[in-house]
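Chain and residue survey
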Amino acid sequence: MAEPITALRTSPLAHLEERMRSATVTGARGVTLTEWPFVTMVNLRVDPASEAADRVEKALGAPLPRQCGDTAASGPHTVVWLGPDEWLVLSQAEETAVAAELREALGGDPGSVVDVSANRTTLELSGPAARQVLEKGCPLDLHPRVFGPGRAVSTTVGPIAVLLWQVDETPTYRLFPRSSFADHLARWLIDAMSEYRGPEVP
Amino acid sequence: MLLITCPWCGPRDETEYHYGGQAHVPHPETPADLTDEQWAEYVFYRDNPKGPFAERWMHSTGCRRWFNVLRDTVNYEVLAAYRLDEPRPELPQAGGNR
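Bear in mind that the values here come from a model prediction, so they are computed numbers and not experimental data.

Brief notes about the sheet that holds strand 1 (residues 32-36) of chain A
Residues and elements named next belong to chain A. Taken together, 5 strands build an open sheet; the order of strands is 1-7-10-9-8 and the sheet is antiparallel. Each edge of the sheet is formed by a strand with only one pairing partner; in this case those strands are strand 1 and strand 8 (152-157). Direction aside, neighbouring strands of the sheet carry axes that sit 30 degrees apart on average.

Brief notes about the environment of B:Phe53
Residue and element names in this part refer to chain B. Examined against the element boundaries, Phe53 turns out to sit in strand 4 (residues 52-58). Residue Phe53 is classed as buried on the basis of its C-beta count, with 21 C-beta atoms lying within 10 Å. For the pair Phe53 and Arg71, spaced 18 residues apart in sequence, the C-alpha separation works out to 5.3 Å.

Section: unusual backbone geometry
All names here are of chain A. The residue after Thr170, namely Pro171, is reached through a cis peptide bond having omega 5 degrees. Mapping Pro171 onto the fold places it in the loop between strand 9 (160-168) and strand 10 (172-177). Of note in this structure, Phe38 is not a glycine but carries a positive phi near 60 degrees. For Phe38, a count of 15 C-beta atoms within 10 Å puts it in the partly exposed group.

With respect to the domain arrangement of chain A
Note on interface size: it is often stated as the accessible area lost on association of the parts. Residues and elements named next belong to chain A. Taken domain by domain, chain A comprises domain 1 (3-37 + 120-196) and domain 2 (40-115). The C-alpha-based centres of domain 1 and domain 2 are spaced at 24 Å. Facing the 8 residues of domain 1 at the interface are 7 residues of domain 2. Of all the secondary structure elements, the ones that give two or more residues to the side of domain 1 that touches domain 2 are strand 8 and strand 9. Here the side of domain 1 that touches domain 2 gets 3 residues from one element, more than from any other, and that element is strand 8. Among the residues forming the side of domain 1 that touches domain 2, the class breakdown is 4 nonpolar, 2 polar and 2 charged.

Digging into the nonpolar core
All names here are of chain A. Within the largest apolar cluster, 64 residues are counted, with the highest numbers of intra-cluster contacts made by Val80, Val89, Leu102 and Leu125. Of all the elements, helix 6 (residues 179-193) adds the most residues to this core, at 6 residues. Two domains share this core, each providing at least three of its residues, namely domain 1 (3-37 + 120-196) and domain 2 (40-115). Those residues in contact with Val89 that sit more than four places away from it in its chain are Met41, Val42, Leu44, Leu60, His77, Val79, Val98 and Leu102.

With respect to the environment of A:Ala59
All names here are of chain A. Summarising the element assignment, Ala59 is placed in helix 3 (residues 51-60). Overall, Ala59 belongs to the partly exposed group, with 17 C-beta atoms counted inside 10 Å. When the C-alpha positions of Ala59 and Leu88 are compared, they lie 15 Å apart, and in sequence the two are 29 residues distant. In this structure, Ala59 is in contact with Glu101, Leu102 and Ala105, ignoring residues within four places of it in sequence.

Some details on the sheet that holds strand 6 (residues 112-115) of chain A
Strands pair in a sheet through their backbones, by hydrogen bonds, and they do so in one of two ways: parallel or antiparallel. All names here are of chain A. One open sheet accounts for 5 strands, arranged 3-4-5-2-6; its pairing is antiparallel. Edge positions in the sheet fall to strand 3 (71-74) and strand 6, since each of these pairs with one other strand and no more. Neighbouring strand axes in the sheet, compared pairwise and without regard to direction, differ in orientation by 20 degrees on average. As judged from the 4 bridges shared by strand 2 (residues 40-45) and strand 6, these two strands associate in the antiparallel manner. Note on strand 6: the bridge partner recorded for Val42 is Asp115.

Each value, and the rule that gives it
- Residues numbered from 1 in each chain as written.
- Chains lettered and ligands numbered in written order.
- Predicted model: local features only at pLDDT ≥ 70, side-chain atom pairs only at ≥ 80, totals over all residues.
- Pairing = 2+ DSSP bridges.
- Helix = DSSP H or I, 4+ residues; strand = E, 2+ residues; numbered from the N terminus.
- Axes fitted to C-alpha atoms, helices over the stretch in contact; angles between N-to-C directions.
- Buried ≥ 20, exposed ≤ 12 C-beta atoms within 10 Å, placed from the backbone.
- Domains from an automatic or database assignment.
- Contact = placed C-beta atoms within 7 Å.
- Nonpolar A, V, L, I, M, F, W, Y, C, P; charged D, E, K, R; others polar.
- Core = buried A, V, L, I, M, F, W, Y, C linked by C-beta atoms within 7 Å.

Right, here's the structure in full:
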C-alpha cells in the first residue's frame, strides 16, 4: 500500500550525490560527506512527568532524555532531546509503524505524535577533519571535552539551523537540516571541505 | 555578541535567539472596556529604561522556548535568564529606574 509513495519519492540531495562523492578527502585530514535519505523521524511532544510519558518510554524501550544534548538509543530507535517536552525519534523502522506505536502509547492524553520524516534530511560528515569543517560555521564548542558521541543539539551550521548529532569518535556527525535548506548546507559543507585536500597551511 | 544562557540549553550565542520585546506586559483583563488610547498604550508603548531591562527572548534554533532575560541596556550585560513561570529575579545591586 505504501509502495507507490516510497517508489516516487526523491531525496532533497539526490542531485548533489555525485558532487558530495567527489568532494571526499582521504588521508590524515580526510573528511567525507554522504546523505542518508528517508530516515524515519517522528516528532513527539508529551509532558515528561505524565503517565503517558512512561507509556511512551515503555513503547520505545528507552527513557526519554531529560537534558539538552542527551540522546537515548534502543533497537532501531534513537530519541533526541529537542525541548523540555519535545523529542525527535529517529528510527530505522517504517515510519507509519513507529508513529502508530507511539500514538497508541500516548493514547488520549495531552501531547502529539507527528510523522515528520519528510521535514529533514540526514547528512553524515565523517573523518579526522570533520570537526574542523564544522567549526568554520558552528557557534558551539565541539571539542571532545564538551561534545562527544551520543550528544545531539539544535544549533546552526553556517546560516542553516540544524540538529547536530555526534555518532562516534572518528568523529562522525549527522546533521539534520530542513529539506529545503539541505541543498545550501551540502554546498556549504562541500566548499568547507575543499581546503583539506591540500597540505596544511601553517 | 551577547552570550545568553537559555534556561534549558545553557549558554549559546545571540545569533541562536530571537528578541521578543519587553517582558511582563500583562494582557488587559477587560480588553473590551479599553479606550483606543489605552489599547494603543498596551499594544505599542514600552519602557525604555537606562539600566536593567526585563525582555523576552526565544531560543529559535535550539529548544524553541520563550523565556525572560534581564539585560542592562547600558553595558549590554546579561544579568539573569529565567523561565516564564519564574518571577523576575531581584538584583543584588538595585540599579536602573525600575
